[in-house]
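These are the residues of each chain, in order.
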Amino acid sequence: MTMERSRVRALGAAVVSLACLVPVAQAQAPAEGAKKDAAAPAPAAAERPRFPMPQGPRVTSPEVAADGRVTFRILAPKAQSVRLLGDIPSDGPTVPMQPPTGRVLTLGQEGVWDVTVGPLVPGSYRYNFNVDGVSVIDPRNPSTSESNDNTWSLVHVPGADFMDTKQVPHGAVAAVTYYSGALKRFRRMHVYTPPSYETSTERYPVFYLLHGAMDCDDSWWTVGRAGFILDNLIAAGKAKPMIVVMPAGHTGPFSFNPGAPRPPVDEFQADFKGDVVPYVERTYRVLTDRQSRALAGLSMGGSQTLAIAMSDLDRYAYLGVFSSGVFGITGRGPIPPPPGPSFEEQHAAVLDAPALKSGLRLFWFATGKDDFVVETSRATVAMLKKHGFDVACKETAGAHTWINWREYLNEFAPQLFR
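Report follows, based on the coordinates. All values derive from a computational prediction rather than experimental measurement.

1. Quick notes on the packing of helix H3 (residues 267-283) against helix H4 (residues 300-312)
Link 1 in the chain: At their nearest, the axes of H3 and H4 sit 11 Å apart, and the two run at 60 degrees to each other. Between H3 and H4, the interaxial angle falls into the category oblique. The hand of the H3/H4 crossing is right-handed. In this structure, H3 uses Phe268, Gln269, Phe272 and Lys273 to contact H4, whose residues at the interface are Gln304, Ala307, Ile308, Ser311 and Asp312.
Link 2 in the chain: A breakdown of the residues in the contact of H3 with H4 according to their chemical character gives four nonpolar, three polar and two charged.

Here you go:
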């Protein structure tokens, strides 16, 4: 029986071998009656490229010149109008809390629209194109930056030593997905770890850095250049190595509704205290004492910083408020106070607690003189000083822009954990 099975296997192998040879034999032997001098078969058609190139002229956008001028281009031969929108300075009037008018592109040869702006102040800028009323990112630029409900193209204009990409040790920025028990859904934050984190076993202080309204957890490390700013400060010995946590400050779609009643539950605070901080402290090698925690934010994030500080002041020794304050504190301006007790009335016990003030090493405010919230910042600082807080306040040139906020981070971070 065993010998019979062996013969069957051998016969099967021979049949397979012959079958494999048949096509070769057919190809080598001409068919019966064929002419020996028959023309050779036509060569096979050229292989189609796996990634076919787009039709039309090749467009370079954005193009950054040595003098800081930037040219933006888009191929849109059938468009009737194209505008450039975003952080790029507008060629029309700028109104606080209103969308900018943008810049008009000119139609050139072969359907390419372009505009040159600048020289721009060194830094990163978000932008997109509005083509016949439709917003599109730059199809020739792979660099992007997210906000709460859309994506922007991103261009960096070099020339600012503190935030340029330099030949120094670089940390890592991770996009971290976690489950929020407070909100019953998955959320995301970004976490910067310093260059030494991967190769050491030491524990590091932690800095929670909050974004502004309409932005998201991606914003500080893309348009805000937070990772590069920290890399350069640490390499120069100006800042201590630290972990920087950049959570998502919005818990849903954002709508600007000043004067509306306060929600019964502050969803961001619930997520931040109940999920973000515990996740960081059990996942990363962070120090957990008060003197090893810092909290700061810009605009909406500055307001959130104040709110968290008033409920957890015993947990943070360093606080930073950029272009922000207690919104509505002046009773006028674009952001009126919500109904109900004032901020000062709600937090009277904390504001007048001497023990909490004694462990607070830094309470730092910075706002541009042309910022629409400058009066809010001034009034907030005055209120805190009235209650005995030692507040440092700085007013700079500029307005409510990333140009200022990157500078504020560069000045605030070296003061931490000293």
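Here the narrative resumes, following the displayed structure.
2. Description of the side chain of threonine 396
Link 1 in the chain: When you line up the elements, threonine 396 lands in strand E18 (residues 392-396).
Link 2 in the chain: Owing to a relative accessible area of 16%, threonine 396 belongs among the buried residues under this scheme.
Link 3 in the chain: A polar contact of 2.7 Å, which involves the side chain of threonine 396, links it to the side chain of tyrosine 408.
Link 4 in the chain: With near-sequence residues (within four places) excluded, threonine 396 lies in contact with Thr367, Gly368, Lys369, Asn404 and Tyr408.

3. Quick notes on the pattern of salt bridges
Link 1 in the chain: Scanning the model with the defined rule gives 14 salt bridges in all.
Link 2 in the chain: Between glutamate 281 and arginine 315 there is a salt bridge, with its nearest N and O atoms 3.9 Å apart. Residue glutamate 281 is found in helix H3, and its partner arginine 315 is found in the loop between H4 and strand E16 (318-322); the two are separated by 34 residues along the sequence.
Link 3 in the chain: Under the relative-accessibility criterion, glutamate 281 is labelled partly exposed at 25%.
Link 4 in the chain: Between glutamate 411 and lysine 394 there is a salt bridge, with the nearest N and O atoms lying 2.5 Å from each other. With glutamate 411 in helix H9 (residues 402-412) and lysine 394 in strand E18, the pair connects residues that are 17 residues apart, well separated along the chain.

4. Remarks on the side chain of aspartate 271
Link 1 in the chain: As for its placement among the helices and strands, aspartate 271 is situated in helix H3.
Link 2 in the chain: For aspartate 271, the side chain forms a polar contact with the side chain of serine 180, separated by 2.7 Å.
Link 3 in the chain: Those residues in contact with aspartate 271 that lie beyond four places of it in its chain are Tyr178, Ser180, Ala182, Leu183, Arg187 and Val276.

5. Quick notes on the sheet that holds strand E6 (residues 112-117)
Link 1 in the chain: Taken in spatial order, the four strands line up as E1-E2-E6-E5 in an open sheet, and their pairing is antiparallel. The sheet is open, and its two borders are formed by strand E1 (63-64) and strand E5 (106-107), each paired with just one other strand.
Link 2 in the chain: Judged from the two bridges that link them, E5 and E6 form a sheet pairing that is antiparallel. Bridging across to E6, leucine 107 finds its partner in tryptophan 113.

6. Some remarks on the packing of helix H2 (residues 226-235) against H9
Pairs of packed helices are described in terms of their axes, by the angle between the two and the distance that separates them.
Link 1 in the chain: Following both chains from N to C, one finds H2 and H9 inclined at 30 degrees, their axes separated by 10 Å at the closest point. Here H2 and H9 pass one another in a crossing that is right-handed. Every residue of H9 that contacts H2 at Ala226, Ile229, Leu230 and Leu233 is listed here: Arg406, Leu409 and Asn410.

7. Let's talk about unusual backbone geometry
Keep in mind that most residues, glycine aside, have a negative phi and that most peptide bonds are trans.
Link 1 in the chain: Omega for the peptide link from serine 61 to proline 62 comes to -10 degrees, which places this bond in the cis form.
Link 2 in the chain: Turning to its location among the elements, proline 62 is positioned in the loop between helix H1 (2-28) and E1.
Link 3 in the chain: Of note, the bond from glycine 118 into proline 119 is cis; its omega dihedral lies within 30 degrees of zero at 5 degrees.
Link 4 in the chain: At lysine 184, a residue that is not glycine, the phi angle is positive and equals roughly 60 degrees.
Link 5 in the chain: Residue position: lysine 184 is located in the loop between strand E11 (172-180) and strand E12 (185-193).
Link 6 in the chain: For methionine 214, which is not glycine, the phi torsion reads 75 degrees and is therefore positive.
Link 7 in the chain: The residue methionine 214 is located in the loop between strand E13 (206-210) and H2 in this model.

Conventions adopted
Residues numbered from 1 in each chain as written. Predicted model: local features only at pLDDT ≥ 70, side-chain atom pairs only at ≥ 80, totals over all residues. Heavy atoms only, no water. Axes fitted to C-alpha atoms, helices over the stretch in contact; angles between N-to-C directions. Helix = DSSP H or I, 4+ residues; strand = E, 2+ residues; numbered from the N terminus. Parallel < 35°, antiparallel > 145°, perpendicular 65-115°, else oblique. Left-handed = near helix turned anticlockwise from the far one by under 90°. Contact = heavy atoms within 4.5 Å. Nonpolar A, V, L, I, M, F, W, Y, C, P; charged D, E, K, R; others polar. Buried < 20%, exposed > 50% of the residue type's maximum accessible area, 1.4 Å probe, protein only. Polar contact = N/O pair within 3.5 Å; in protein donor to acceptor, adjacent residues only side chain to side chain. Salt bridge = Lys/Arg side-chain N within 4 Å of Asp/Glu carboxyl O. Pairing = 2+ DSSP bridges.

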